[in-house]
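Listed below, chain by chain, are the residues.
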Amino acid sequence: ERIKHLYSKLLGRAGDQLEALYTTVCHHCGGPADTRFTVTSDRYRCQQCRHSFLAEDVVTRKTKKSCPRCLERLPHRRTREGQMPVEISARCRGKCPAGLFRRRYDDPNPAAKAAFYQFDLPLATNPGRKAPDYWFPTNRFPSGLKSAELFKRGIFGVHQLFSPRNLHALAKLRTGIDSFEGNDRDVLLLIFTGALMSLSLKAQHLENGGGYLPAMYYVPPVRKERNPAY
Ligand SMILES: [Zn+2]
Ligand SMILES: [Zn+2]
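Now for a look at the structure at hand. The model shown is predicted, which means the values in this text are computed figures rather than measured ones.

### Here we look at empty space enclosed by the protein
So, point 1. The tally for this structure, following the rule as stated, stands at two cavities of 30 Å³ or more.
So, point 2. The calculated volume of the largest cavity comes to roughly 50 Å³.
So, point 3. Around the largest cavity, the lining residues are Tyr44, Arg45, Cys46, Gln47, Leu74, Pro75, Arg78 and Thr79.
So, point 4. For the lining of the largest cavity, the per-class residue count stands at four nonpolar, two polar and two charged.
So, point 5. Put simply, the second largest cavity is a space of about 30 Å³.

### Focus: unusual backbone geometry
So, point 1. The phi dihedral of Lys62 falls on the positive side, at around 55°, and the residue is not glycine.
So, point 2. On the secondary structure map, Lys62 appears in the loop between strand E4 (59–61) and strand E5 (64–66).
So, point 3. A positive phi angle, near 65°, is found at Leu71, a position not held by glycine.
So, point 4. Tracing the backbone through its elements, the reader meets Leu71 in the loop between E5 and strand E6 (80–92).

### Re the coordination of the zinc ion (ligand 2)
So, point 1. Cys46 (SG), Cys49 (SG), Cys67 (SG) and Cys70 (SG) make up the full set of protein donors to the zinc ion (ligand 2), lying at 2.3 to 2.4 Å.
So, point 2. Angles of 107 to 112° at the metal separate the four donor atoms of the zinc ion (ligand 2), which places the site in the tetrahedral class.

### Topic: the coordination of the zinc ion (ligand 1)
So, point 1. The zinc ion (ligand 1) binds to the protein through Cys26 (SG), Cys29 (SG), Cys92 (SG) and Cys96 (SG); the donor distances cover 2.3 Å.
So, point 2. Each of the four donor atoms around the zinc ion (ligand 1) contributes to a set of angles spanning 103 to 117°, which defines the coordination as tetrahedral.
So, point 3. All donors to the zinc ion (ligand 1) come from one chain, and their sequence spacing reads C-x2-C-x62-C-x3-C. With Cys26 in the loop between strand E1 (23–25) and strand E2 (32–45) and Cys92 in strand E6, this residue pair connects regions lying 66 residues apart in the sequence.

### So, the pairing of E2
So, point 1. Of all 14 residues that make up E2, ten are buried, and the element is covered over most of its length.
So, point 2. Pairing geometry for E1 and E2, over three bridges, is antiparallel. Bridge pairing in E2 places Thr23 opposite Asp34.
So, point 3. The turn joining E1 and E2, which pair antiparallel and follow one another in sequence, is formed by six residues; a positive phi near 80° is taken by Gly30.
So, point 4. Examined bridge by bridge, E2 and E6 share ten bridges and lie antiparallel to one another.

### What about the side chain of Arg103?
So, point 1. Mapped onto the fold, Arg103 is located in strand E7 (residues 100–104).
So, point 2. Within the structure, the side chain of Arg103 is placed 2.9 Å from the side chain of His27, a separation counted as a polar contact.
So, point 3. Each residue touching Arg103, except ones within four places of it in the same chain, is listed here: Thr24, Val25, Cys26, His27, Val86, Glu87, Ile88, Ala112, Ala115, Phe116 and Asp120.

### What about the packing of helix H1 (residues 2–20) against helix H5 (residues 182–195)?
So, point 1. Packing of H1 against H5 brings their axes to within 10 Å, and their N-to-C directions diverge by 90°. With respect to each other, H1 and H5 are oriented roughly perpendicular. On the side of H1, the interface is formed by Arg2, Ile3, Leu6, Tyr7 and Leu10, while H5 contributes Asn183, Asp184, Val187, Leu188 and Ile191.

### Points about the packing of aromatic side chains
One pair of aromatic rings is described through two measures. These are the centre distance and the angle between the planes.
So, point 1. Scanning all chains against the criterion turns up three aromatic pairs.
So, point 2. Ring geometry for Tyr44 against Phe53: centres 6.1 Å apart, planes inclined by 65°, an arrangement best described as edge-to-face.
So, point 3. Residue class for Tyr44 comes out buried when judged on its relative accessible area of 6%.
So, point 4. On the basis of relative accessible area, Phe53 is assigned to the buried category, the value being 3%.
So, point 5. It is Arg13 that lies over the ring of Phe180; its NZ or CZ is 4.0 Å from the centre.
So, point 6. Above the plane of the ring of Phe37 lies Lys224, whose end atom (NZ or CZ) is 4.4 Å from the centre.

### A closer look at the nonpolar core
So, point 1. Of all hydrophobic cores here, the largest spans 26 residues; its most connected members are Ile155, Leu161 and Leu173.
So, point 2. Mapped onto this core, the elements with two or more residues apiece are H1, helix H4 (164–177) and H5.
So, point 3. By residue number, the principal contributor to this core is H4, which donates six residues.
So, point 4. Residues contacting Leu173, with those up to four places away along its chain left out, are Tyr7, Leu10, Leu11, Ala14, Leu18, Phe192 and Pro228.
So, point 5. Within the second largest apolar cluster, 24 residues are counted, among which are Met84, Ala90, Cys92 and Phe101.

Reading guide: rules and limits
- Residues numbered from 1 in each chain as written.
- Chains lettered and ligands numbered in written order.
- Predicted model: local features only at pLDDT ≥ 70, side-chain atom pairs only at ≥ 80, totals over all residues.
- Heavy atoms only, no water.
- 1 Å grid on protein atoms, 1.4 Å probe; cavity = no way out; pocket = protein on both sides within 12 Å on 5 of 7 lines; lining within 4 Å.
- Points joined across faces, edges and corners; volume = space filled by probe spheres on them.
- Nonpolar A, V, L, I, M, F, W, Y, C, P; charged D, E, K, R; others polar.
- Helix = DSSP H or I, 4+ residues; strand = E, 2+ residues; numbered from the N terminus.
- Donors = N, O, S within 2.8 Å, 3.2 Å for Na, K, Ca; no water.
- Tetrahedral: all angles 85-135°; square planar, octahedral: opposite > 155°, others 65-115°.
- Buried < 20%, exposed > 50% of the residue type's maximum accessible area, 1.4 Å probe, protein only.
- Pairing = 2+ DSSP bridges.
- Polar contact = N/O pair within 3.5 Å; in protein donor to acceptor, adjacent residues only side chain to side chain.
- Contact = heavy atoms within 4.5 Å.
- Axes fitted to C-alpha atoms, helices over the stretch in contact; angles between N-to-C directions.
- Parallel < 35°, antiparallel > 145°, perpendicular 65-115°, else oblique.
- Phe/Tyr/Trp six-rings, centres within 6.5 Å; stacked < 30°, edge-to-face > 60°.
- Lys NZ or Arg CZ within 6 Å of the ring centre and 35° of its normal.
- Core = buried A, V, L, I, M, F, W, Y, C linked by side-chain atoms within 4.5 Å.

The structure is reproduced here in structure tokens:
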């Protein structure tokens, strides 16, 4: 309870700037809504039929993964061709029936689909976003067996384990923690450290929860970018 109180105090100090990073628009009432998480999927190209598809659409039978169009079996090492936010979960701030909702890039509801492209996609990918104004670590991963997977993804420093948006938010929160003193500061640092992995690119998106493989530097093909305020 005290921890909860401390954390909301920290969020309060981090202020509107943090909130704005995750504020979208409810397609039901047109009012503001808070993004709880964004699901991003890697994109692949089939070497057989040249079809470009999302990792979330890969056909899986037992342990075999195939191209969704021609069903050609995919090689273990798949060639990535970018990524794309595919779905969000948000909560409308108003007293509207939408409440807690999800919407997708291919949503069957036209209003939800339109809002995804108009608001969620630009919010998640904001190409104009600069590096955070606050300090964040940029330590490099040592080369070795375990880091090879990351290097192939172009991830060389710890900061690259986070989406630009979450890096922004976390740098702001980390700076906010320093405005606390003594025990409060220690407690907040502990929570912060404990939450880091679930706020990184390592957060796997699974219906029914999610998780990550703690001992490995593995970035799952379909991942969840959580809003640290949730
Ligand atoms: Zn609403
Ligand atoms: Zn194919």
